[in-house]
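# Observations on the model geometry
Chain by chain, the residues run as shown.
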Amino acid sequence: MSIKRSSGILMPLYALPSPYGIGTLGKAARDYVDFLSQAGQSWWQMLPVGPTSYGDSPYQSPSTYAGNPYYIDLDRLVADRLLTRAEIDALAWGDDPERVDYGKLYENRFTLLQKATDRGWERDADQVAAFVKENAGWLPDYALFMALKRHFGMACWLDWPEAIRLRKPAAVARYREALAQDIRLFTYIQYLFFTQWADLRDYAHKKGVGILGDLPIYVALDSVDVWASPESFQLDEKGFPTAVAGVPPDYFSEDGQLWGNPLYDYETMARDGYAWWIRRVDGAAKLYDVIRIDHFRGFDTYWSVPYGAKTAKSGHWVKGPGMALVGVLRDWFSNIRFIAEDLGEPSPDVVKLLKESGFPGMKVLEFAFDAKESSDYLPHTYPQNCVCYGGTHDNETLLGWLEGADPADRQKAVDYLGLNQQEGYVWGLIRGGMSSVADLFVTQMQDYLELDNTARTNTPGLAEGNWQWRMAADALTPALAKKIAKLTKLYDR
């Protein structure tokens, strides 16, 4: 299923304004949907909305299915008589309204969610039971996993006692009974999240806005996904990985990138028709209308690094499942639209896989203007079946790129797009994407706000300071919505 000519804005949910330290599924999210609608936008692209862990990255979650407890709207919990205003106001959420303080959230948010659970568990028993039944494929394992994490001081599951690490039935039964209270907490949190999520998604749909979400190709090592399905991963008999994911050395990094995610055992997965992947994408489809598959090239070949290696240098390429898996997902989810993140320098085999899948690939304007050579990221080279991004969450803002680009590269952008001060260089770049033949154009909210790299979402390879930027409460104005809508209409998006 193709995406009709349209446009959207990339805006992490956590980056919305709110009085409680982080964006939530509450009023600010609805206000943002209203803004998108007024601006003529068809899509709200989000980053993954799962729980975060060490490093705060939404791409390293303890569950590929669960929702982030921090996104639960506290005002609605007050309206639902699960919390009092005084209980919320008594806690600190951080000193800077334009940066997320994850430490404060970790300290205080679960205190409130425990109170809400204590008050709502019995009252909402029937609805919770129905929710658990509907999500029986992942929720009981997730709630037990998080309860175990708490019990063992948040240690990685590989450091747990062997009986529960290897999920021996007697140990699982014993801990389910012993940790019943925390299991109840993590179950009810998910009930709250998905109740609020469904309401927000319905609201967006009524306003003509769809949700575009990311599906990281790999799951985190310290996740229930690996602990509960060890047979689907390249693990030894003790549960430890034999190899992990990364990317090889290149122009940007002489050591490559060592991601550390466990690799899939595709041979085992193939025996039941890739059921693990079908369940995973089905979970994502409960959240999103369009799914962007991160690191799509990993389905063709993937970089395998021996577990315990200090860098990715010692890795090697391994052939992936290709269309055997991609075709299953495409055909099984014929009502879902996919986008393939195919950035970098794809091999002929990756190009062939993308073509066979029918999925649109990605083009990034910030990569287009190399003064030394031509680029297939220049808009005149685009196929219609692609998605043009100004920049992604891993890139600079457009203003940041303009400020830091090689002068010759910036001049090429000026010449190519006719950038000028009257229009504004950032808006000229946006115009370049909007006017392209790409079916979908997306750029970051920071670009429409003309923010520099102090508002950057993520800098790959940088350990601290990522995933923190938040939008100012007064940033979205009717004038800005009108300006975006005019450009959107001009280019028939």
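Scroll up a little and you will see the structure.
Report on the accompanying structure. (Residues numbered from 1 in each chain as written. Predicted model: local features only at pLDDT ≥ 70, side-chain atom pairs only at ≥ 80, totals over all residues. Heavy atoms only, no water.)

### Thoughts on the overall build of the protein
- When helices and strands are counted, the protein shows 19 helices and twelve strands.
- Against the compact-globule benchmark of 23 Å for 493 residues, the protein has a radius of gyration of 23 Å, which places it among compact chains.
- Seen through its principal axes, the protein has C-alpha atoms that stretch 70 × 55 × 40 Å.
- In the protein, which comprises 493 residues, the proportion classed as buried is 57%. (Helix = DSSP H or I, 4+ residues; strand = E, 2+ residues; numbered from the N terminus. Rg over C-alpha atoms; globule rule 2.2 N^0.38 Å. Buried < 20%, exposed > 50% of the residue type's maximum accessible area, 1.4 Å probe, protein only.)

### Brief notes about the pattern of salt bridges
- Per the stated rule, a full pass over the model turns up 25 salt bridges.
- Lys207 is the salt-bridge partner of Asp34, the closest N and O atoms lying 3.6 Å from each other. In this pair, Asp34 sits in helix 1 (residues 27-38) while Lys207 sits in the loop between helix 9 (180-206) and strand 3 (210-215), placing the two residues 173 residues apart along the sequence.
- Here Lys319 ties to Asp349 by a salt bridge, and the two come within 3.9 Å at their closest N and O atoms. (Salt bridge = Lys/Arg side-chain N within 4 Å of Asp/Glu carboxyl O.)

### Quick look at the sheet that holds strand 2 (residues 43-45)
- Reading across from one edge, 9-6-3-2-1-12-11-10 is the order of the eight strands in this open sheet, with parallel pairing throughout. Across the chains shown, the open sheet's two edge strands, defined by having one partner strand only, are strand 9 (337-340) and strand 10 (361-364). Between one strand and the next, the sheet's axes are offset by a mean angle of 25°, whatever the strand orientation.
- Alignment of strand 2 against strand 3, held across three bridges, turns out to be parallel. Looking at the pairing, Trp43 lines up with Gly210 of strand 3. (Pairing = 2+ DSSP bridges. Axes fitted to C-alpha atoms, helices over the stretch in contact; angles between N-to-C directions.)

### Brief notes about the packing of aromatic side chains
- For the coordinates displayed, the defined rule picks out 39 aromatic pairs.
- Geometrically, the ring pair formed by Phe145 and Trp227 is tilted, given 5.8 Å between the ring centres and 45° between the ring planes. In this pair, Phe145 is assigned in helix 6 (residues 139-151) and Trp227 in helix 10 (residues 224-228), connecting sequence segments 82 residues apart.
- Taking relative accessible area as the criterion, Phe145 reaches 0% and is therefore assigned buried.
- Residue class for Trp227 comes out buried when judged on its relative accessible area of 1%.
- Judged by centre distance (5.9 Å) and plane angle (20°), the ring pair of Phe193 and Trp197 falls under stacked. (Phe/Tyr/Trp six-rings, centres within 6.5 Å; stacked < 30°, edge-to-face > 60°.)

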